[in-house]
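Secondary and tertiary structure notes
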Amino acid sequence: AQSVTQLDSQVPVFEEAPVELRCNYSSSVSVYLFWYVQYPNQGLQLLLKYLSGSTLVKGINGFEAEFNKSQTSFHLRKPSVHISDTAEYFCAVSGYSSASKIIFGSGTRLSIRP
Amino acid sequence: EADIYQTPRYLVIGTGKKITLECSQTMGHDKMYWYQQDPGMELHLIHYSYGVNSTEKGDLSSESTVSRIRTEHFPLTLESARPSHTSQYLCASTLGRMNTEAFFGQGTRLTVV
């Protein structure tokens, strides 16, 4: 079974500042890792995913994440945030098995201050 | 753009009523999921399906039921709605047999009064 921990429930940052949203996972098997974004009153949209290969993954809207197997982490970063990045961000994990489910973290609310 | 649709988007209903939340996808995905999400909170998996005639309960106990008679359709039913069912319900489907990407509907925000 897999689990996901998002260490920060809220992250306030100033516009144009860099941001890092932290995610740690637990699994006894190899996993796929994801970051999703949710804007108010909307469903979730995929930001980026790690399936295999390069540990640095680039996604939409200038976000990137780095898979660190030894730290069991998949932190999300953006060098310069905009007001439009204000949203809830969810880290998720899934095993390789076709029977695996997608497990989500508790979410991090990113609020951008002008 | 993902082709997964949920109806209705918003629903206010009285206690004791039976309701069905609809979820349809046109991508031919085998796996589909229902998540329950309270405002600003995490997603809890309440039901999932690996394909037609396959349904399983998720990690969060729920009084709702689901069915999967057709690949594209995964409705969720509450036989007798209660105020504790007030929440947002998100439907998702995944690409391929492995969960390499999940596509989400817009969600149904349910209020039981």
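Just so you know, these numbers come straight off a predicted model, no measurement behind them.

Description of the sheet that holds strand E7 (residues 65-66) of chain B
Residue and element names in this part refer to chain B. One open sheet holds the 4 strands; their spatial order is E1-E3-E8-E7, and the pairing between them is antiparallel. Only two strands of the sheet have a single neighbouring strand rather than two, namely strand E1 (4-7) and E7. Where strand E3 (residues 19-25) meets strand E8 (residues 76-78), 3 bridges bridge the pair, whose relative direction is antiparallel. Across the sheet, Ile19 pairs through a bridge with Leu78, a residue of E8.

Remarks on the interface of chain A and chain B
Counting from both sides, the interface comprises 26 residues of chain A and, opposite them, 27 residues of chain B. The contact between chain A and chain B buries some 2,100 Å² in all, and 49% of this surface belongs to carbon and sulfur atoms. Summed over the shared surface of chain A and chain B, the result is 2 salt bridges. Put simply, Lys49 of chain A and Glu101 of chain B hold a salt bridge, and the shortest N to O gap is 3.2 Å.

A closer look at the pairing of strand E4 (residues 31-37) of chain B
Residues and elements named next belong to chain B. Of all 7 residues in E4, 7 are buried; the element is thus mostly enclosed. In the sheet, E4 pairs with strand E9 (residues 87-94) via 7 bridges, with the strands oriented antiparallel. Bridge pairing in E9 places Tyr35 opposite Leu90. With 6 bridges connecting them, E4 and strand E5 (residues 43-51) associate as antiparallel partners. In the strand pairing of E5, Gln37 is matched with Leu43.

Here we look at the nonpolar core
Residues and elements named next belong to chain A. Counting residues in each nonpolar core, the largest one holds 28 residues, and the members touching the most others are Trp35, Leu48, Leu76 and Tyr89. For this core, the elements supplying multiple residues, two or more each, are strand E2 (10-14), strand E3 (19-21), strand E5 (31-38), strand E6 (44-50), strand E8 (64-68), strand E9 (73-78), strand E10 (87-95) and strand E12 (108-113). With residues near it in sequence (within four places) discarded, Leu76 still touches Val19, Glu20, Leu21, Trp35, Leu47, Leu48, Phe63, Glu64, Ala65 and Tyr89.

A short note on the pattern of salt bridges
All names here are of chain A. This model, assessed by the stated rule, comprises 11 salt bridges over all chains. Across the salt bridge formed by Arg77 and Glu66, the nearest N and O atoms sit 3.7 Å from each other. Pair noted here: Arg77 is in strand E9 and Glu66 is in strand E8, with a separation of 11 residues, a long-range link. Residue classification places Arg77 among the partly exposed positions, given a relative accessible area of 28%. When its relative accessible area of 36% is taken as the criterion, Glu66 is described as partly exposed. For Arg109, the salt bridge identified is with Glu88, shortest N-O distance 3.1 Å. A residue pair is termed long-range when its members are at least 10 positions apart, and Arg109 in strand E12 and Glu88 in strand E10 qualify at 21 residues. Here the salt bridges do not stand alone but share partners, grouping Glu20, Glu66 and Arg77 into one network.

A look at the state of the cysteines
On inspection of all chains with the given rule, the structure shows 2 disulfides over all chains. Paired through a disulfide, Cys23 of chain A and Cys91 of chain A show a sulfur-sulfur distance of 2.0 Å. Note on the Cys23 of chain A and Cys91 of chain A pair: the S-S dihedral is about -70 degrees, so by sign convention the disulfide is left-handed. Pair noted here: Cys23 of chain A is in the loop between E3 and strand E4 (24-26) and Cys91 of chain A is in strand E10, with a separation of 68 residues, a long-range link. Of the two residues, Cys23 of chain A and Cys91 of chain A, neither departs from the other in class, the shared state being buried. Across a sulfur-sulfur distance of 1.9 Å, Cys23 of chain B and Cys91 of chain B are joined as a disulfide pair. Taking the torsion about the S-S bond as the criterion, the Cys23 of chain B to Cys91 of chain B disulfide, at about -75 degrees, is left-handed. One end of the pair, Cys23 of chain B, is in strand E3; the other, Cys91 of chain B, is in strand E9, with 68 residues separating them in the sequence. No difference in accessibility class separates Cys23 of chain B from Cys91 of chain B, as the two residues are buried.

A few points about unusual backbone geometry
At the junction of Thr7 of chain B and Pro8 of chain B, the peptide bond is cis and its omega measures out at -10 degrees in the coordinates. With respect to the element layout, Pro8 of chain B can be found in the loop between E1 and strand E2 (10-13). The residue Asn61 of chain A is not glycine, and still its phi comes out positive at about 60 degrees. Not every positive phi belongs to a glycine, and Thr72 of chain A is a case in point at roughly 45 degrees. Mapped onto the elements, Thr72 of chain A comes out in the loop between E8 and E9. Among the residues examined, Thr72 of chain A registers a relative accessible area of 30% and is labelled partly exposed.

Conventions we followed
Residues numbered from 1 in each chain as written. Chains lettered and ligands numbered in written order. Predicted model: local features only at pLDDT ≥ 70, side-chain atom pairs only at ≥ 80, totals over all residues. Heavy atoms only, no water. Pairing = 2+ DSSP bridges. Helix = DSSP H or I, 4+ residues; strand = E, 2+ residues; numbered from the N terminus. Contact = heavy atoms within 4.5 Å. Buried area = accessible area lost by both parts, 1.4 Å probe. Salt bridge = Lys/Arg side-chain N within 4 Å of Asp/Glu carboxyl O. Buried < 20%, exposed > 50% of the residue type's maximum accessible area, 1.4 Å probe, protein only. Core = buried A, V, L, I, M, F, W, Y, C linked by side-chain atoms within 4.5 Å. Disulfide = S-S within 2.5 Å.

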